[in-house]
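Chain and residue survey
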Amino acid sequence: MNAAGRLVRLAEHDRAPVRFSLDGHASDALEGDTVLTAILLSAGAVRAPEFGTEPRAGFCLMGACQDCWVWQEDGPRLRACSTPIAEGLRLLTAPPENWP
Amino acid sequence: MSETPPRVVIVGAGPAGIRAAEVLVAAGLRPTVIDEGARAGGQIYRRPPVGFTRTPKQLYGSEAAKAKALHDIFDRVSAEGRLIHRPRSSVIAVRDGVLHVLEDAALRQLPYDRLILATGASDRVAPIPGWQNPGVYSLGAAQIALKAQGVALGRRVLLAGSGPLLTLVGTQLLKAGADVAAVLDTSAWRRQMSGISGLAARPVFALRGLAMRARLGGRYRAGVVLEGIEADASGPVAVHWRDAGGRNRRTECDTVALGWHLRAETHLADLAGCSFAYDPDWSQWLPRTDPMGRAGNGVYLAGDGLRLLGSDGAERAGRLAAAACLTDLGLPTVSVAADLRRLARLDRFARGLARAFPWPAAMVRALPDETVLCRCEGVSVGELRQSVAFGGAEANRAKSLSRVGMGRCQGRYCQLAGAELIAAQAGCAPGEVGRLRGQAPVRPLPVGACLHEG
Ligand code: FES
C-alpha cells in the first residue's frame, strides 16, 4: 500500500511503530510522525475537497493554511500537520456519514 | 517592583521570542510564552519530535550552534520554572488586554499588562496555474518535512520561486538524498546582482548562497517564468516554464514547492491595534514600531513578524523588544546600542535580498483568468478581476465580493497576489489598494472549544 503514498522517508527510520486506521484500513506509522506524515506515506491526500475537484494534501505544514484538517470516526477533527499520530487513531479522508 | 509583578506574555517561541524571554527572566520577571509548536525553537530552528536522532549539525548545518544555544537557554529557564511555557497553544484573538488562547481544545482567557508578539513569518506564495493540486506545497513545508519529519514531500520534487530559502531547501533536500528535479528562480541574474551592494553587509552569508548555487549545478535556473503545473488525478506530473532565453521547457516531477521569500505573520499585531505601512521593498504591509519594537499600548513586536531580517535579526529584535518592555515598566535593563546597530545593518542586508529576489509582480499580473487564486475555496483570478470591475479597487471590498481572503487560510496565501491583481485592474500600485483587515479568530475555532471557555 505504501507504493501509493506521496512522501518518502529519508531519515529517522529507527522509531517504534504506531498502528492507526485510515478509512477503515489498517496502516502503520512511526512514533513522532505527524498525522499528515502518517497518512501521506500510504495515501495521496488527507481529505476530500470541499470546493473544487482536487483532493487536499496539506500546503504549509506549519499550521498556517488549515488545508489539512482530517476527520476521525469519533471525536473532533484534527489538524494533521501539527498533531502527532497516536496508536489506535481512526482517521477518515471524508466526513463521517452522520456529518451534518 | 510592585506587589503584583507585571504580567508579560510573549507569543511565539522562535529566536525572537526566546531571546525576549531570556532578557525578561534575567530582569526577574516570569513571562508566559505561548507557542504553537510542541517544542520551543520556531520554524527555522524547529526541533524534531523527541526520539529523533539526527544531530543539530545535520539539521541546521552552519547554523547548528545558534540553534542549539537557543534551544538550551529556553529549556534551562523553562526547567527552572522561571517562565511559563504553554506549548501547542494558539492565540486566536486579542481584545482589551486579554488574549484568547486555544489549548487542549479549550478556549482560555489570559490577561496581560505587556504583550510581546514574536509571531514570525510564513512563505510568501504566488499562485501559478495548477497550484491547487495535491502535492503542491510551500517551500517552507518542504523544509519542515525534511527537518521535523525526515521525509521528502515526493519522489521527484521541483522547487520554484525566489529568495535565499529556495537554494537552501534545494541543497538540503539533495544532501538528504531526495530527487530534486529543478530549482527555478524567477529572479534574473542581473536583478540578483543589483542587490549585491546590500549583500556586502554580510559577505559570509552571500558566499554561502553562491556555494549552494554551485552545489545545485544545472538544476538551478535563474530568470525563469513559471507557466503552470500539469497534473493528473494524483497531483503534479510536470511544471511548464520558460527559461531566461524565452524557450518553453517542461520538467517532470510529482511534487512542487513554491515560495518567494517570506510574508510577515501580522494577524495578532493587527488585532492588538498596531498601525501598518506598505513596504515597497518587501511588497507587503508591515506593522509600525519605534526602532526598539514598541508599537504602543503595551504591545511590542519582534522578529520576522515585524521585519523580515531572518533569525539573526530576530534574536536581536527579541532582546530589544524585551528591553523596551522593561524600560516602560520602570525596570533596569541591558545596554541596547550594539543590538540596534547590528539590526540596522541586517536591515540593509535584508532589503538588498528583497530587491535581489523580488515578488513576481509581472507574472502574477499576467495570470490567466481561470487560474485558481484562492486555493481554499477555489476562487479564480477572473472572479477577482470581475469584482474589481464591479466594486472598485479596494482590497476589503474585493474580498467581500469575491470571497478571496475569506477561506480557511484567512488570506495568508492569496492576499498579496490578490492586491497585485486588484492594482493591475485599477492601474495603481499594490500599496494603494488598502490592507486586508485582520479578523478574529485567527485560527479556526472548533465548536467544542467554546463550551470549555474559561
Ligand atoms: S498543512 Fe497548513 S495547516 Fe496543516
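To be clear, the structure that these remarks concern was listed above.
Residues numbered from 1 in each chain as written. Chains lettered and ligands numbered in written order. Predicted model: local features only at pLDDT ≥ 70, side-chain atom pairs only at ≥ 80, totals over all residues. Heavy atoms only, no water.

Section: the pattern of salt bridges
Where we set the bar: Just to be clear on terms, a salt bridge is a Lys or Arg side-chain nitrogen sitting within 4 Å of an Asp or Glu carboxyl oxygen. Type-normalised accessible area, obtained with a 1.4 Å probe on protein chains alone, sets the label of each residue: buried when under 20%, exposed when over 50%, and partly exposed for intermediate values.
Under the definition given, this model contains 40 salt bridges over all chains. When the shortest N-O distance is used, the salt bridge between Asp290(B) and Arg294(B) registers 2.8 Å. We classify Arg294(B) as partly exposed; its relative accessible area is 24%. One salt-bridge network, held together by shared partners, links Arg47(A), Glu50(A), Arg56(A), Asp67(A), Arg375(B) and Arg408(B).

Regarding helix H4 (residues 139-149) of chain B
It helps to recall that an α-helix has 3.6 residues per turn; residues three or four apart then point in one direction. All names here are of chain B. Filter applied, for reference: Put simply, DSSP marks the helices as runs of H or I at least four residues long and the strands as runs of E at least two long, and each gets a number from the N terminus on.
Burial within H4 is extensive, with eleven of its eleven residues counted as buried. Among all positions of H4, only Leu 139, Gly 140, Ala 141, Ala 142, Gln 143, Ile 144, Ala 145, Leu 146, Lys 147, Ala 148 and Gln 149 are buried. In the stretch just after H4, Gly 150 is the one whose phi turns positive, near 70°.

Focus on the sheet that holds strand E15 (residues 235-242) of chain B
To summarise the sheet geometry, strands pair through backbone hydrogen bonds and adopt either a parallel or an antiparallel arrangement. Residues and elements named next belong to chain B. Quick reminder of the rule: The pairing criterion is simple: DSSP has to find at least two bridges between the two strands. The angle between two axes is taken between their N-to-C directions and runs from 0 to 180 degrees, where each axis is a line fitted to C-alpha atoms and a helix contributes only its stretch in contact.
One open sheet accounts for three strands, arranged E14-E15-E16; its pairing is antiparallel. Unpaired on one side and paired on the other, strand E14 (225-232) and strand E16 (248-252) mark the two borders of the sheet. Neighbour-to-neighbour, the strand axes of the sheet open up by a mean angle of 25°, direction not taken into account.

Some details on the nonpolar core
Worth spelling out the cut-off: Put simply, buried Ala, Val, Leu, Ile, Met, Phe, Trp, Tyr and Cys residues joined by side-chain atoms within 4.5 Å make one nonpolar core. These domain limits were set by an automatic method or by a database of domain assignments. Note on contacts: a residue pair is in contact if any heavy atoms of the two residues lie within 4.5 Å.
Core analysis: the largest hydrophobic core is formed by 97 residues, its most contacted members being Leu91(A), Trp131(B) and Leu226(B). With seven residues, H4(B) is the single largest residue contributor to this core. Formed jointly, this core draws a minimum of three residues from each of two domains, domain 2 (125-260) and domain 3 (367-432) of chain B. Residues contacting Leu91(A), with those up to four places away along its chain left out, are Phe20(A), Ser21(A), Leu22(A), Asp23(A), Val35(A), Ile39(A), Val70(A), Trp71(A), Gln72(A), Leu78(A) and Ile85(A). Of all hydrophobic cores here, the second largest spans 47 residues; its members include Leu24(B), Leu70(B), Cys325(B) and Ala354(B).

Quick look at the pairing of strand E3 (residues 25-30) of chain A
All names here are of chain A. As paired elements, strand E2 (residues 17-22) and E3 share six bridges and run antiparallel to each other. Each residue of the ladder has a partner; that of Val 18, found in E3, is Ala 29. In sequence, E2 turns back onto E3 through a hairpin of two residues, with Asp 23 there showing a positive phi of about 50°.

Considering the packing of aromatic side chains
What characterises a pair of aromatic rings is the spacing of the ring centres plus the angle enclosed by the ring planes. Where we set the bar: Each Phe, Tyr or Trp ring, with Trp reduced to its six-membered ring, pairs with another whose centre is within 6.5 Å; inter-plane angles below 30 degrees give stacked pairs, above 60 give edge-to-face pairs, and intermediate values give tilted ones. For a ring to carry a charge above it, either NZ of a lysine or CZ of an arginine must fall within 6 Å of the ring centroid while also lying within 35 degrees of the normal to the ring plane.
All chains considered together, the criterion is met by five aromatic pairs over all chains. Relative to Tyr413(B), the ring of Phe59(A) lies with its centre 5.3 Å away and its plane at 80°, an arrangement referred to as edge-to-face. A residue pair is termed interchain when its members come from two chains, as with Phe59(A) in the loop between helix H1 (35-40) and strand E4 (69-72) and Tyr413(B) in the loop between helix H14 (395-402) and helix H15 (415-426). Comparing Phe59(A) with Tyr413(B), the two get one shared label, buried. These aromatic residues form a ring-pair network of at least three members: Phe59(A), Trp131(B) and Tyr413(B). Directly above the aromatic system of Phe276(B) lies the positively charged group of Arg435(B), at a separation of 3.8 Å from the ring centroid.

Keep in mind that these numbers describe shape and distance, not what the molecule does.
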